[in-house]
Amino acid sequence: MPDGTADANPVFGLEQHGFDHIPEAERTMTLRDLAFFWVGANAYLFFFTVGVIAFGLGLTVWQAIIAVLLGNALFVYIGWASIAGVRAGLPTMTLTRAAFGIHGNRANGVLAWVTSVAFEAINTVFGVFAVAALLPVLGWHTAGDAGKVIALLVVFFLSAAIAVLGHATMIWVQRIFAVLLVLTLAVVFFYTVGGVDWGAGPKEPLSTSAAIAAITVGAGVVASGPLSYLFNASDWPRYLPSATPTRSIFWTVLASAGLIATGLGLMGVILSSRGDVADPVAGVRAFVPDWLFVIYAIAAVGGAVANNVVTFYASGLVLQSVGVPLRRYQATMLDTTVATLLVIYIVFISESFTTVVNDFLSLLVVWIAPFGGVWLADGVMRRWRYDPVDIHAVEAGPRGRYWGWNGINVAGFAALAAGVIVCLLTVNAPIYQGPVSKMLADSDLSWILGLPVSAATYLALARRTVRATAGEVPVAHVIEADRAGETGAIHEGVLAGES
């Protein structure tokens, strides 16, 4: 790193920033780092499982593949959202205050934290399943619940240890995960693809209308993967130099995040055509030799850790943005505790892991897609420029450019409500189905309509307001924010070093 930056974000040291602005001198991340990061983060069994769920809706192999491709196409939004972090040098739940208000955005922050904890639990379950399936192969045939407890502790400890250290450590470790996980998953994919039953499907094929509806439902489940990054996509690239070309950011994220997710989804579909893989680890054992299964199970543990690291990191920033006076390592401990309870329920109480995942993912889209539509539309109108001082000026009141009405941007929440209503009307989830979905042969259009509807509504309602507050950022404010970052001070009385 250049002189003067190593102490702020050291590899295997404590990052000195939290949810504050990253000074230009400290932005030493590269596009290559970003690509490795996304590959490592997405090389885990969540994207395999959504492929399994899609095929389980009664689709043929080819129809399920279409669902996987359609759902993962929404990584386009994540490539777009990543631009904001680079230009602003701020994490997502900080810069989204401009769209929802300094105080109003706290509600979104709470939902984002709940989502983070849920994904931490899901990730850990993948790791637990992997260890539980691996132990008998290694000779421990009576591991039972003891083996699951050991697996839970291993996954949580490794994830939390890396996340506590911070951004530079996380990026460095993700390079290792990216290479090893991709190589392993590629071997498994090519070993099993030759035995796929391309004609597999339900005994009684779905009618054309029913098949189209099922494809939209499956694509919605798959789309929950990319959409789930809409509350933290800016967190990781904010260490890239602010002048990094827009196209380079977009295509780097789309290729590195989207391709690995799509490949895993296709692998889920292919193996589902050959047998029961509701357990995404143990279910694979029937299709590969023991030596490859051991490697695959270890990779599954690594993938769970790799994604948990980035989720723990992001959730710490979310808690800070909400106003919880915690250091990031304290927030990680809190996340770990809550996620542990969820994991215990899923592993020891719930009868169907796939059902739990499907229920959660189906309803997640109802909020997160409209939320993303609002803040992406706001960022485009502002050309991704945010005042790094005013965005933290909680006590400034009406003098702050992002204050709105009593700290709430009414237009942002009106647009969010419009998107949520459309999602509720068109969603087809296991525990709730909207009336429009019923009218359209049980289709699910929430993942398609939620984001653009909220974005269009916000553009119509907030254009004048945004123009009035989106002027050039004063140079003095940038200098002040940079100095605050260099000294560890933040405007809300929380140390940036409390990360």
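Residues numbered from 1 in each chain as written. Predicted model: local features only at pLDDT ≥ 70, side-chain atom pairs only at ≥ 80, totals over all residues. Heavy atoms only, no water.

> Which residues make up the overall build of the protein, and what are the values?
In terms of helices and strands, the protein carries 18 helices and 2 strands. Going through the 499 residues of the protein one by one, you find that 60% of them count as buried. Residue pairs at least 24 apart in sequence account for 85% of intrachain contacts in the protein once pairs closer than 6 positions are excluded. Split by element, the accessible area of the protein, about 18600 Å² in all, is 67% carbon and sulfur. (Helix = DSSP H or I, 4+ residues; strand = E, 2+ residues; numbered from the N terminus. Buried < 20%, exposed > 50% of the residue type's maximum accessible area, 1.4 Å probe, protein only. Contact = heavy atoms within 4.5 Å. Areas by Shrake-Rupley, 256 points an atom, 1.4 Å probe, with all protein chains shown as cover.)

> Lay out the nonpolar core with the relevant residues and their values.
If you look at soluble globular proteins, the nonpolar side chains tend to sit buried side by side. Counting residues in hydrophobic clusters, the biggest one holds 148 residues, and the most contacted among them are L227, V281 and W375. Among the elements that line this core, the one with the most residues is helix α12 (residues 290-322), at 20 residues. Non-local contacts of V281, meaning those with residues more than four positions away in its chain, are made with L45, F126, F129, A130, A133, F293, Y296, A297 and A300. (Core = buried A, V, L, I, M, F, W, Y, C linked by side-chain atoms within 4.5 Å.)

> Can you explain a nonpolar patch on the surface? Please cite residues and give values.
A cluster of nonpolar residues, V11, F12, W172, I176, V179, L180 and L183, forms a patch on the protein surface that exposes about 650 Å² of accessible area. Residue position: L180 is located in helix α9 (residues 167-192). What makes L180 exposed here is its relative accessible area of 52%. (Patch = residues over 30% accessible without salt bridge, like charges linked within 9 Å, V, L, I, M, F, W, Y side chains within 5 Å. Salt bridge = Lys/Arg side-chain N within 4 Å of Asp/Glu carboxyl O.)

> Tell me about the pattern of salt bridges, and please be specific about residues and values.
Once the charged atoms of two side chains with opposite charge are near each other, the side chains can pair. Scanning all chains against the criterion turns up 5 salt bridges. Taking the shortest distance from any N to any O, the salt bridge between D290 and R285 comes out at 3.8 Å. Look at D290 and you get partly exposed, because its relative accessible area is 42%. Notably, a salt bridge pairs R382 with D378, separated by 2.8 Å at the nearest N-O pair. Of this pair, R382 and D378 both sit in helix α14 (residues 353-382), 4 residues apart, roughly one helical turn. In this structure, R382 and D378 share a single accessibility class: buried.

> Account for the packing of helix α7 (residues 105-137) against α12, naming residues and giving values.
The contact between α7 and α12 brings their axes to 8 Å, and the two run at 160°. Classified by the interaxial angle, the pair formed by α7 and α12 is roughly antiparallel. The interaxial crossing formed by α7 with α12 has left-handed handedness. Partitioned by chemical class, the residues of the contact of α7 with α12 number 21 nonpolar, 9 polar and 3 charged. (Axes fitted to C-alpha atoms, helices over the stretch in contact; angles between N-to-C directions. Parallel < 35°, antiparallel > 145°, perpendicular 65-115°, else oblique. Left-handed = near helix turned anticlockwise from the far one by under 90°. Nonpolar A, V, L, I, M, F, W, Y, C, P; charged D, E, K, R; others polar.)

> Please provide a residue-by-residue account of the environment of V137, values included.
The topology assignment puts V137 in helix α7. Look past the residues within four positions of V137 in its chain and what remains in contact with it is R285, D290, F293 and V294.

> How would you summarise the environment of A214 if you had to cite specific residues and measurements?
Of note, A214 is situated in helix α10 (residues 208-227). Given a relative accessible area of 10%, A214 falls into the buried group. For the pair A214 and L57, spaced 157 residues apart in sequence, the C-alpha separation works out to 6.4 Å. When neighbours within four sequence positions are excluded, A214 is seen to be in contact with L57, L59 and L206.

> Mind laying out helix α2 (residues 46-55), listing which residues take part and the relevant values?
Where burial is concerned, most of α2 is hidden: 10 out of the 10 residues are buried. Here α2 has its buried residues at F46, F47, F48, T49, V50, G51, V52, I53, A54 and F55.

> Hey, could you go over the packing of aromatic side chains for me, with residue numbers and the actual values?
Per the counting criterion, the structure on display carries 18 aromatic pairs. Relative to W236, the ring of F37 has its centre 4.8 Å away and its plane inclined at 40°; by these criteria the two rings are tilted. With F37 in helix α1 (residues 31-42) and W236 in the loop between α10 and α11 (246-272), this pair connects stretches of sequence that are 199 residues apart. Summarising the burial analysis for this pair, F37 and W236 share the class buried. When the ring of Y44 is compared with that of F47, the centres are 5.9 Å apart and the planes differ by 90°; the resulting orientation is edge-to-face. Residue classification places Y44 among the buried positions, given a relative accessible area of 4%. (Phe/Tyr/Trp six-rings, centres within 6.5 Å; stacked < 30°, edge-to-face > 60°.)

> Describe the packing of helix α8 (residues 144-165) against α12, with residues and values.
α12 packs onto α8 with a crossing angle of 45° between their chain directions and a minimal axis gap of 8 Å. As summarised for this structure, α8 and α12 are arranged oblique, according to the angle between their axes. When you trace α8 past α12, the crossing you get is right-handed. Residues V155, F156, L158, S159, A160, I162 and A163 of α8 lie in contact with α12, whose contacting residues are V301, A304, V305, N308, V309, F312 and Y313. Here the residues of the contact of α8 with α12 sort into 12 nonpolar, 2 polar and no charged.

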